[in-house]
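Spelled out, the chains give:
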Amino acid sequence: MNVHSTGVRQKPHAPSCHRCDATALDEPAYAYLLGLYLGDGHISQYSAHRAPSLMITLDDTWPGIQDEAEKALRRTFPDNATCRVRRTGCHNIKVYSKHLVCYFPQHGPGRKHEREIALEPWQQRIVDTHPWQLVRGLIHSDGCRLTNWTTRVVGGERKRYEYPRYWFTNVSDDIRRLYTDTLDALGITWTHCTRAGKPYNISVARRASVDLMDAHVGPKY
């Protein structure tokens with residue numbers, strides 16, 4: 001216990017844990033944060049720190065996503081302080097907690113695409129309940145909404161047509177499968193795209209599916 005100059009003995013800061021203590025969890029915030037973690041998140045612990053940190057690296061081009069990520073951290077870890085660390089062209093959105101591996105059991109040695117990524121039953125239940133939040137987190141980390149174009153010959157004249165598309169890129173087969181399984185559950189039509197011999201891209205381009213994605217995800221901001 002900590003002793004201050006007043007002589008009053010105070011209990012050490014001991015944040016609760018949803019998995020260890022069965023405390024309430026903001027499930028929509030967690031589902032979104034899970035998507036961010038699988039895309040751009042990393043858990044590490046330095047010898048000088050008492051607790052590991054979850055760090056989500058987000059581009060400064062999208063300040064709104066940085067704000068949303070920090071809000072999700074605060075809602076998932078209400079007893080822990082968050083911080084932002086400036087890097088060239090980006091910020092690391094961070095939280096320190098001894099329970100990070102409880103919330104993200106996918107953590108392990110090496111890179112995520114070099115190990116198996118599988119959700120535990122309690123995580124899958126949350127994803128099944130809040131699938132759009134997971135999709136938002138994945139798109140906000142490793143995806144985008146872009147405008148493609150093509151040409152068609154109409155009445156003997158070649159015309160240019162533009163259409164929106166959602167694009168998701170991740171090297172991990174397991175993370176891509178989690179994304180596409182969730183899209184399937186939502187009724188979203190997707191295609192698997194290979195570029196330069198690398199099968200890392202998932203495209204959503206059908207108009208009805210893009211409209212659904214626009215209603216629940218939208219462009220980065």
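Everything quoted here is computed from the prediction, not taken from an experiment.

(A) View of the sheet that holds strand β6 (residues 90-96). The four strands are arranged β3-β4-β6-β5 in an open sheet whose pairing can be described as antiparallel. Two strands in the sheet have a free side with no partner beyond their single neighbour: β3 (41-44) and β5 (82-87). The sheet shows a mean angle of 25° between the axes of neighbouring strands, taken without regard to direction. Bridging between β3 and strand β4 (residues 53-59) involves four bridges; their strand directions are antiparallel. Across the sheet, the residue bridging to H42 is M55, located in β4. Across the sheet, helix α2 (residues 27-40) lies against β3 and β4, angled at about 80° from β4, the strand it touches most.

(B) The arrangement of the nonpolar core in detail. Ranked by internal contacts, the top residues of the largest apolar core, which has 47 residues, are L33, L54, F104, V135, Y179 and M213. The element contributing the most residues to this core is α2, with nine residues.

(C) Looking closely at the pairing of strand β9 (residues 191-195). Sheet topology places β9 next to strand β10 (residues 198-204); four bridges connect them, and they run antiparallel. Within the sheet, the bridge partner assigned to C193 lies in β10 and is N201.

(D) View of helix α6 (residues 131-142). In this model α6 runs 16 Å from its N-terminal to its C-terminal C-alpha over twelve residues, within 8% of the 16 Å that 1.5 Å per residue would give. For α6, the buried fraction is high: eleven of the twelve residues fall into the buried class. Considered for burial, the residues of α6 that qualify are P131, W132, L134, V135, R136, G137, L138, I139, H140, S141 and D142.

(E) Molecular detail of the sheet that holds strand β8 (residues 157-169). The four strands lie next to each other as β7-β8-β10-β9, forming an open sheet whose pairing is antiparallel. Two strands bound the open sheet, and with one partner strand each, they are β7 (143-154) and β9. With strand direction ignored, the average angle separating the axes of adjacent strands in the sheet is 45°. One ladder, built from twelve bridges, connects β7 with β8; its direction is antiparallel. Residue pairing across strands places V153 opposite R158, the latter belonging to β8. Across the face of the sheet, α6 comes into contact with β7 and β8 while running at roughly 110° to β8. Taken strand by strand, helix α8 (residues 207-216) contacts β7, β8 and β10, and its axis lies near 50° from that of β8.

(F) Broad picture of unusual backbone geometry. Positive phi values are uncommon outside glycine, yet A22 reaches one of about 60°. In this fold, A22 is placed in the loop between α1 (18-21) and α2. We classify A22 as exposed; its relative accessible area is 66%. One non-glycine residue, A196, lies in positive phi territory at about 55°. Note on placement: A196 falls in the loop between β9 and β10.

(G) Just the pattern of salt bridges, in detail. All chains considered together, the criterion is met by eight salt bridges. Salt-bridge contacts for R84 lead to E70; the nearest nitrogen and oxygen are separated by 2.5 Å. Linking R84 in strand β5 with E70 in helix α3 (residues 63-76), this pair joins segments that are 14 residues apart in sequence. Owing to a relative accessible area of 33%, R84 belongs among the partly exposed residues under this scheme. Residue E70 is classed as buried on the basis of its relative accessible area, which comes to 9%.

Conventions we followed
Residues numbered from 1 in each chain as written. Predicted model: local features only at pLDDT ≥ 70, side-chain atom pairs only at ≥ 80, totals over all residues. Heavy atoms only, no water. Pairing = 2+ DSSP bridges. Helix = DSSP H or I, 4+ residues; strand = E, 2+ residues; numbered from the N terminus. Axes fitted to C-alpha atoms, helices over the stretch in contact; angles between N-to-C directions. Contact = heavy atoms within 4.5 Å. Core = buried A, V, L, I, M, F, W, Y, C linked by side-chain atoms within 4.5 Å. Buried < 20%, exposed > 50% of the residue type's maximum accessible area, 1.4 Å probe, protein only. Expected span 1.5 Å × (residues − 1). Salt bridge = Lys/Arg side-chain N within 4 Å of Asp/Glu carboxyl O.

In short, shape yes, function no, at least from these values alone.
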